[in-house]
Amino acid sequence: MGAFTGKVAFVTGAARGQGRSHALRLAREGAAIVALDIAADIDECFFPLATPEDLQETVRLVEEDGGRILARRGDVRNYDDVKSAVDDGIAQFGPIGIVVANAGIGTAYKKTWEIPEADWRAALDVNLTGVFHTVKAAVPSMIEAGRGGSITLISSSAGLKGYQHLAPYVSSKHAVIGLMRTLANELAEHNIRVNALCPGSVRTPMIINEPTFKVFRPDLDEPTEADAMEVFRQMPALPVDVLEPEDISEMVAFLASDAARYVTGLAIPVDAGQLVK
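Being a predicted model, the structure only gives us computed values, none of them experimental.

Concerning the environment of Arg181
Point 1. Relative to the helices and strands, Arg181 resides in helix H5 (residues 167-187).
Point 2. According to the relative accessible area criterion, Arg181 is partly exposed, its value standing at 48%.
Point 3. When the C-alpha atoms of Arg181 and Leu55 are compared, they prove to be 31 Å apart, with 126 residues separating the residues in sequence.

Section: the pairing of strand E1 (residues 8-12)
Point 1. Among the five residues that make up E1, five are buried, leaving the element largely enclosed by the rest of the structure.
Point 2. Where burial is concerned, the two faces of E1 agree: the one with Val8, Phe10 and Thr12 and the one with Ala9 and Val11 are both buried.
Point 3. With five bridges connecting them, E1 and strand E2 (residues 32-37) associate as parallel partners. Paired with Ala9 across the two strands is Ile33, which belongs to E2.
Point 4. With helix H1 (residues 17-28) bridging E1 and the parallel E2, this β-α-β connection has right-handed handedness.
Point 5. Both E1 and strand E4 (residues 98-101) contribute to a ladder of three bridges, which runs parallel. Each bridged residue has a counterpart across the sheet, and for Phe10 the counterpart in E4 is Val99.

Observations regarding helix H3 (residues 79-93)
Point 1. Across its 15 residues, H3 extends 21 Å between first and last C-alpha, which sits within 8% of the 21 Å expected from 1.5 Å per residue.
Point 2. Summarising the contacts, the buried residues of H3 are in contact with E1, E2, strand E3 (69-73) and helix H4 (117-145).
Point 3. Put simply, Asn78 is the residue that caps the front of H3, since its side-chain oxygen is 2.9 Å from the backbone nitrogen of Asp80.
Point 4. Positive backbone phi, at 110°, marks Gly94, one or two positions downstream of H3.

Quick word on the domain arrangement of the protein
Point 1. When the domains of the protein are assigned, the result is domain 1 (6-199 + 244-268) and domain 2 (207-240).
Point 2. A C-alpha centroid distance of 27 Å is found between domain 1 and domain 2.

Here's the deal with the packing of H3 against H4
When two helices pack together, you describe them by how their axes are tilted relative to each other and by the distance separating the axes.
Point 1. Contact pair H3 / H4: the axes reach a minimum separation of 8 Å and the direction vectors enclose 35°. For the crossing formed where H3 meets H4, the hand is right-handed. Counting all contacts with H3, which are made through Tyr79, Val82, Lys83, Val86 and Ile90, the residues of H4 involved are His133, Thr134, Lys136, Ala137, Ala138 and Ser141.
Point 2. Of the residues belonging to the contact of H3 with H4, the class tally is six nonpolar, three polar and two charged.

Examining the sheet that holds E1
Point 1. What the seven strands build is an open sheet, ordered E3-E2-E1-E4-E5-E6-E7; its pairing is parallel. Taken across any chain shown, the strands that pair with only one partner, and hence form the sheet edges, are E3 and strand E7 (267-270). Direction aside, neighbouring strands of the sheet carry axes that sit 15° apart on average.
Point 2. Bridge count for E2 against E3 is five bridges, and the pairing is parallel. Paired with Ala35 across the strands is Ala71, a residue of E3.
Point 3. Set on the sheet, H4 makes contact with E1, E4, strand E5 (149-154) and strand E6 (192-199); between it and E5 the angle comes to about 180°.
Point 4. Sheet contacts for helix H8 (residues 245-256): E4, E5, E6 and E7; angle to E6, the most-contacted strand, approximately 165°.

Quick notes on unusual backbone geometry
Point 1. One non-glycine residue with positive phi stands out, namely Ala39, at about 50°.
Point 2. Examined against the element boundaries, Ala39 turns out to sit in the loop between E2 and helix H2 (52-64).
Point 3. Positive phi is not limited to glycine here, since Ala272 has a value of about 55°.
Point 4. In this fold, Ala272 is placed in the segment after E7.
Point 5. In this structure Ala272 comes out as buried when scored by relative accessible area, which is 13%.

Looking at the packing of aromatic side chains
Point 1. Within the structure shown, the criterion is met by three aromatic pairs.
Point 2. The interplanar angle of 85° and the centroid separation of 5.1 Å between the aromatic rings of Phe46 and Phe47 together place this pair among those described as edge-to-face.
Point 3. When its relative accessible area of 5% is taken as the criterion, Phe47 is described as buried.
Point 4. The exposure class assigned to Phe46 is partly exposed, which follows from its relative accessible area of 21%.

A word on the pairing of E7
Point 1. Side-chain alternation along E7 places Ile268 and Val270 on a buried face and Ala267 and Pro269 on a face that remains uncovered.
Point 2. The pairing of E6 with E7 spans four bridges and is parallel. If you follow Leu197 over to E7, its bridge partner there is Ile268.

What counts and what doesn't
- Residues numbered from 1 in each chain as written.
- Predicted model: local features only at pLDDT ≥ 70, side-chain atom pairs only at ≥ 80, totals over all residues.
- Heavy atoms only, no water.
- Helix = DSSP H or I, 4+ residues; strand = E, 2+ residues; numbered from the N terminus.
- Buried < 20%, exposed > 50% of the residue type's maximum accessible area, 1.4 Å probe, protein only.
- Pairing = 2+ DSSP bridges.
- Right-handed = clockwise from strand over helix to strand, strands pointing away.
- Expected span 1.5 Å × (residues − 1).
- Contact = heavy atoms within 4.5 Å.
- Polar contact = N/O pair within 3.5 Å; in protein donor to acceptor, adjacent residues only side chain to side chain.
- Domains from an automatic or database assignment.
- Axes fitted to C-alpha atoms, helices over the stretch in contact; angles between N-to-C directions.
- Left-handed = near helix turned anticlockwise from the far one by under 90°.
- Nonpolar A, V, L, I, M, F, W, Y, C, P; charged D, E, K, R; others polar.
- Phe/Tyr/Trp six-rings, centres within 6.5 Å; stacked < 30°, edge-to-face > 60°.

Okay, structure coming up:
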């Protein structure tokens, strides 16, 4: 019997990276997983997104551990895609009690006034409207079930600090925190807790890619991951370069657990002290 036995968790962006890690962590504690991912590229995103094979690998890993999972391809920008996944999950496993709105993208590093209109829209559509769609689809059934629950919105350290050359991402992640605070107030009477996690730099394809290496090491013509890590290592207060997805998943699991039964309305950095340095 795990901490989440008998519960159902809805995780977006679950095909790889943090989303896969969150799904695995919750499944290992007994939760049935409803996994959603676009599993396709978005033109404005500067790094390749997950593939259908990545999503299937998440399914394999959950099932290999003895867990239950329903995976669906869908775009969080499209409410019908999200609602369909939620409805299918409820039909198969029962009411959703845990939501992790994780799906997100980054766009090219540019000064704010040089950002293409399409980049701005794509970041806001995925990182903010996608979170809104996730909550809009899941919350009515959570209220109807009357069992309370936990919603974790994945923001970023960029939701708490104005990093240069990342205006679409920074703006969307700040907005996620505002949405979280409103939801925490609206859902408190239903014993549904809502929090935001604000990860620092995490070892996922959003960070581990050549364009990012070049931003952090402009002094080199062809910087490697090792070159970039020399800079990343200087950012946190604790002695680490970047965090692992599992580090964020530990806090996801805590917030979904009874140990956090009175924790709501918080934007929680998990960044090895990056914001305080």
